[in-house]
Each structure stands twice: as structure tokens, then as C-alpha cells.
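Each chain, written out:
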Amino acid sequence: MTHTTTSTAAVSAIRNVRPWGGEPADLHVADGAIAAVVPHDPTAAATPGAVDGKGLLALPGLVNAHAHVDKSWWGKPWVSYGGEGGVAGRIAYERAHRDELGIPGVDVTLAVLRESVRTGTTAVRTHVDVDLGVGLRGIEVVREAVAALGGAVHAEIVAFPQDGVLRRPGVLELLDRAAAAGADHVGGLDPASIDRDPVGHLDGLFQIAERRGVGIDVHLHDGGELGAFQIELMVDRTLRAGLQGKVNVAHGFAVGQLSGSRQADLVAAMADAGITMTTVAPIGAAPLPLLALREAGVPVGLGTDGIRDLWSPYGTGDLLALTTQLARLSGLRYDEELVAAARVASADAAEFVGREVHDLVPGSPADVVLVDAENVPDAVVRAPRRALVVAGGRVVARDGEVLV
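Residues numbered from 1 in each chain as written. Predicted model: local features only at pLDDT ≥ 70, side-chain atom pairs only at ≥ 80, totals over all residues. Heavy atoms only, no water.

Novice: Sorry if this is basic, but what is going on with the environment of A192 here?
Specialist: By the secondary structure assignment, A192 is in the loop between β9 (185-189) and α5 (198-212). Distance in space between the C-alpha atoms of A192 and L220 is 9.3 Å, their sequence separation being 28 residues. Non-local contacts of A192, meaning those with residues more than four positions away in its chain, are made with D197, P198, D222, L226 and Q230. (Helix = DSSP H or I, 4+ residues; strand = E, 2+ residues; numbered from the N terminus. Contact = heavy atoms within 4.5 Å.)

Novice: What exactly am I supposed to notice about the pairing of strand β14 (residues 368-371) here?
Specialist: On any regular strand, side chains alternate: one points to one face of the sheet, the next to the other face. Alternating positions in β14 separate into two faces, V368 and L370 on one and V369 and V371 on the other, with burial throughout. As paired elements, strand β5 (residues 57-60) and β14 share four bridges and run antiparallel to each other. Note on β14: the bridge partner recorded for A58 is L370. Pairing of β14 with strand β15 (residues 386-391) involves four bridges; the strand directions are antiparallel. (Buried < 20%, exposed > 50% of the residue type's maximum accessible area, 1.4 Å probe, protein only. Pairing = 2+ DSSP bridges.)

Novice: Hey, could you run me through helix α2 (residues 106-118) in this one?
Specialist: Counting along an α-helix, one turn takes 3.6 residues, and residues three or four places apart therefore face a common direction. The terminal C-alpha atoms of α2 lie 18 Å apart, and with 13 residues this matches the ideal 18 Å at 1.5 Å per residue to within 8%. Buried residues belonging to α2 abut β7 (121-129), α3 (137-148), β15, β16 (394-398) and β17 (401-402). (Expected span 1.5 Å × (residues − 1).)

Novice: Before we go on, may I ask you to explain the pattern of salt bridges in this structure?
Specialist: Pairing is possible between side chains of opposite charge, provided their charged atoms come close. The full count for this structure, using the stated rule, is 24 salt bridges. Its salt-bridge partner being R95, residue D131 comes within 3.2 Å of it at the nearest N-O pair. Of this pair, D131 sits in the loop between β7 and α3 while R95 is found in helix α1 (residues 86-97), placing the two residues 36 residues apart along the sequence. Residue D131 shares its accessibility class with R95, and that shared class is buried. Note that D348 and R343 form a salt bridge whose closest N and O atoms lie 3.0 Å from each other. Beyond isolated ion pairs, a larger network of salt bridges with shared partners links K71, E94, R95, R98, D129 and D131. (Salt bridge = Lys/Arg side-chain N within 4 Å of Asp/Glu carboxyl O.)

Here it is, written out as C-alpha cells:
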């Protein structure tokens, strides 16, 4: 099936905006990147291709650091939740019903990506299921959907073994094939509680990462000391393999459940190994110690997890609204804390999508979101409508309408 997008012209400048709530400025754009940021001169004539920012607050494009864009049934008629609870129950139910919904499919993946663009997401790290049933087809589907958006979304792909690794012989080989074919990371899932062999599970992932030069991103729901033990295994392997900065722990509920010096020591060990974390700000789980992680030098990314899929009917893809949830669950109230939450969802997440810089500064991709807000804390607390979304120097959404 061939998918086409509406062509949107490149902009030469985004005039009269307030980057991070600062003084009015003009963002000059060239070749899809921010070329210069200069004070706004209201008397200067607008150049061809310039966009009037109308004094709105400007943020960098939002970065979804933990998504599953291959799983969603967004845009289809309502699918009632079913099956048994828990990770194992959800895996089994999804495997039994995904085919009847056309999952993975380009159309459904494109639908959820377009909704993400509408609300300001311009870059995503997405886990894509790789298993004995679907093989590598999900990765091909996601790549086709991303390509159909013509640069509106930059995507990094994690080859993700949702159904387990060692308990499904042949999955390690699939992950290796995915890495050889260009996947940016290989994933893992609860090495202890799903595969019952955390050492073997992690050894397999690290061998692929070393051989193929890719990153590792492990879903870790296991809590308490069991979860902490697995993080310690990852710390040890990361240091021995020289993979600092290339290993991520997703969810990592154990970190939020530990207390006192035990938590502080684990966080310090993660920082020493260059291990990052991603959270989906889940309700009902012990929140990660967000400020302590950032202070220790452990980068934290924010993601949506699944969006309206067979795991849960919840999720809208609106990362700014999720930033509000992250801030509330983390007990953030001071202005500087709310700004930090906005940075978690945007500029500070650059490394989660393979970028050196993702901000409103020269040299950054021209990914910009405009909102009608007094300042950044106001934007985080209210998550106002996205008035304009620019990706790679092109307007891709305006006043709630997706243009790609």
C-alpha cells in the first residue's frame, strides 16, 4: 500500500516567539535546522517563508522516549479491554488478538504517529515487537509509516522481545538480525520474572550490542531487591563492555521503591555506568526519584508507553499532558522543578533519539512547538493546545490540524 502526505513548505524563520518563556526572539531556519536566534525586531520586514509566532511561548519539539507505535488501534472502532491482567496475561491476550486488528499495520501506526505530531511530538524512541509470530515485519511497518510522514517525526527503533527472549528459542537470533538490519537498540523484558534467567538474558543482549554496535533498552517491571539486582547486573555488564551511555532501563520501578542509602547507592552506580532511565509516569506505581536521578547525572526520558492498545484503552499520545502527570506524581511545585519536567520531555531527551542537541539553539533541528502560555510552568500545568508544530523546518500541525 502506498501512503502519501501533504507537502508543507519549509519556513525561513519563526518570528516573535518566546523561547522557554524568555524575551521575544526570531528563530532563523536553514536546511531544516535552527541557524540563528536573534532578538525580535517588530520593525523588521518579514522575509518570504517566515511564520508569525504571535508572541507565543516556544518549546523544543517534544520527545517521546518510550513508545510502542506498532501496537495501537488508534483510529479504529472502539476495542473493548479483555483478557487477564499482569504482564504475562497482557502478552498472551495481545498475541491472540493483534492479527484481527491488523497489528502491526502501516495505517494504524501512521494514525497514532499523526496524533502524536498534532500534539507536538517530533521525535520518538519506539519499541517494536520482534517475535516468532511477526518476525521483523513490525520494524518494516514502522519505518514505512515514519517515511510516509516525510520527516515530521524522527524515530529510533528498539527491537523489542515482548514475548520473552530465552523462553522463546530463536528470539535472540531475531534480535541479532534486527540489529544487523539497522535497529538502533535491542530490547529486553524482565530478565528474571519473564525469562527466569537474568544472567543468560542480559548476556545475550550485551553480546548482540557489542557485536552490532547498538544500544540496549530493557523493560524492567520487577520491583524491590529483585529489580535492583537486575540493574546491578546491567551496571556491571555496561562497564565491562564499555557501553556507557548506550544502556537504558525503562520503568525501573525498583528504583522508586528503594529508600535511603540503598536507593542513593544504586542511582550513583547507574550514573557511574552511564545508564539512563525512561518512565511513563504510571499512576499507582512508586514514582522515580526524578530530581535525585537528574542531580546524580542519570538522564531521564518520558514516554507514553502504549497508546490505546490491547494492553490498555488509555493514552492519547499527548506528551505535554503526560508531563503534567509526571510533575504531579513527582510532587513538583516550584517553577524550576516544573521547567525541569518540561526539559525531561524535550531538550534533555536528545540522547534518547540519537541527537546531540534538541533545543531552541543554533545547530539544533528546527523542531519547535508554540503554545499560548504565560511561561513554562504554566505550560506544564495546563498543557494548552499546540498552536503550531514545526518539524525539521516545516509546519506539520497548526491549531490542532495535522498537515502531513
